[in-house]
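Residue-level structure breakdown
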Amino acid sequence: MSDPTDRATRWCRRRLDAIAFGASAAVLVAAAIVAARGVSSFEADVFHTVNDLPDWLYRPMWVAQYLGLLLLPLGVAVVAAAFRRWRLAAGLVLLVPLKLLVEKGVLKQVLYRARPGTSVCDKDPTCLHLRGDVPLVGPSFPSGHVIIAFGIAWLVAPYVGRGARWALAGTCVVVAFARVYLGAHNPLDVVAGGASGIAIAAALNLMLGVPTPGPGRAEAD
């Protein structure tokens, strides 16, 4: 990462973030509408397809889910600050309270959807694989881990190259997959989590600005 105090650095508000905010908000609303109707047979089938995969995946998936821990953005913010990426660091710090507001203050107040152990298996622990300390009951929509993973990825993406962006995208998919595999969430829960994370991060990018992709491009508002 280069020093953002370099005089050549220009900052912009990307149309991509505006589009991503609108699209992810639409996906989130659609997911909530469908989720409010309960778990469909199709969604239950998708859940079981992932959740029934072999046990040798447990350890890598258990580790992968930690890439969605609540305080991880603060650790990444420290790294960003070390490289003097102050706007990125600010966005990562703000991601934590905004995640809590959107997840717990809004979505889980508007829609209660139980975890797969209840919504799919009616509290029958033999119906699914609950791996680790994943609870059988409790609110499940949306996935907080996935909000964090997608939020970090969208915030960091403007600061890194194409290969790193692909790696960030792959990490998000793995975290979402892991939460279903471990039995913590239904598929729509992680879809809603991903949409929420992108919406929050896109809004932060629009507020704080991101570096322009290349030299010589005018700053855009």
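Everything below is about the structure printed above this text.
To start, this report covers the structure provided alongside it. (Residues numbered from 1 in each chain as written. Predicted model: local features only at pLDDT ≥ 70, side-chain atom pairs only at ≥ 80, totals over all residues. Heavy atoms only, no water.)

Across all of its chains, the model carries six salt bridges by this definition. The shortest N-O distance in the salt bridge between Lys-108 and Glu-103 comes to 2.8 Å. A relative accessible area of 18% means that Lys-108 is categorised as buried. Several salt bridges share partner residues, and in doing so they unite Glu-43, Arg-113 and Asp-189 into one network. (Salt bridge = Lys/Arg side-chain N within 4 Å of Asp/Glu carboxyl O. Buried < 20%, exposed > 50% of the residue type's maximum accessible area, 1.4 Å probe, protein only.)

Below, the discussion takes up the state of the cysteines. Any covalent bond linking the sulfur atoms of two cysteines counts as a disulfide. On inspection of all chains with the given rule, the structure shows one disulfide. In this model Cys-121 forms its disulfide with Cys-127; the gap between the sulfur atoms is 2.1 Å. Between Cys-121 and Cys-127 the sulfur-sulfur dihedral comes to about -60°; the bridge is accordingly left-handed. Taking the relative accessible area as the measure of exposure, Cys-121 reaches 5% and is therefore buried. (Disulfide = S-S within 2.5 Å.)

So, on to the packing of helix H1 (residues 15-35) against helix H9 (residues 187-208). The interhelical angle for the contact between H1 and H9, taken along N-to-C directions, is 155°, at an axis separation of 8 Å. Between H1 and H9, the crossing angle belongs to the class labelled roughly antiparallel. Between H1 and H9 the crossing geometry is left-handed. On the side of H1, the interface is formed by Asp-17, Ala-18, Ala-20, Phe-21, Ser-24, Val-27, Leu-28, Ala-31, Val-34 and Ala-35, while H9 contributes Leu-188, Val-191, Ala-192, Ala-195, Ser-196, Ile-198, Ala-199, Ala-202, Ala-203, Asn-205 and Leu-206. (Axes fitted to C-alpha atoms, helices over the stretch in contact; angles between N-to-C directions. Helix = DSSP H or I, 4+ residues; strand = E, 2+ residues; numbered from the N terminus. Parallel < 35°, antiparallel > 145°, perpendicular 65-115°, else oblique. Left-handed = near helix turned anticlockwise from the far one by under 90°. Contact = heavy atoms within 4.5 Å.)

Residue placement: Ser-140 occurs in the loop between helix H6 (116-119) and helix H7 (144-156). A residue is classified by how much of its surface remains accessible, and Ser-140, at 0% relative accessible area, is buried. Within the structure, Ser-140 has its side chain in polar contact with the side chain of Asp-189 (distance 2.4 Å). Setting aside its immediate chain neighbours within four residues, Ser-140 contacts Arg-113, Ala-114, Arg-115, Pro-116, Ala-184, His-185, Asn-186 and Asp-189. (Polar contact = N/O pair within 3.5 Å; in protein donor to acceptor, adjacent residues only side chain to side chain.)

All right, on to the side chain of His-185 then. If you trace the backbone, His-185 turns up in the loop between helix H8 (162-181) and H9. In terms of polar contacts, His-185 uses its side chain to reach the backbone carbonyl oxygen of Ser-140, at 2.9 Å. Each residue touching His-185, except ones within four places of it in the same chain, is listed here: Phe-47, Arg-115, Pro-116, Ser-140, Pro-142, Ser-143, Arg-179, Val-180 and Val-190.

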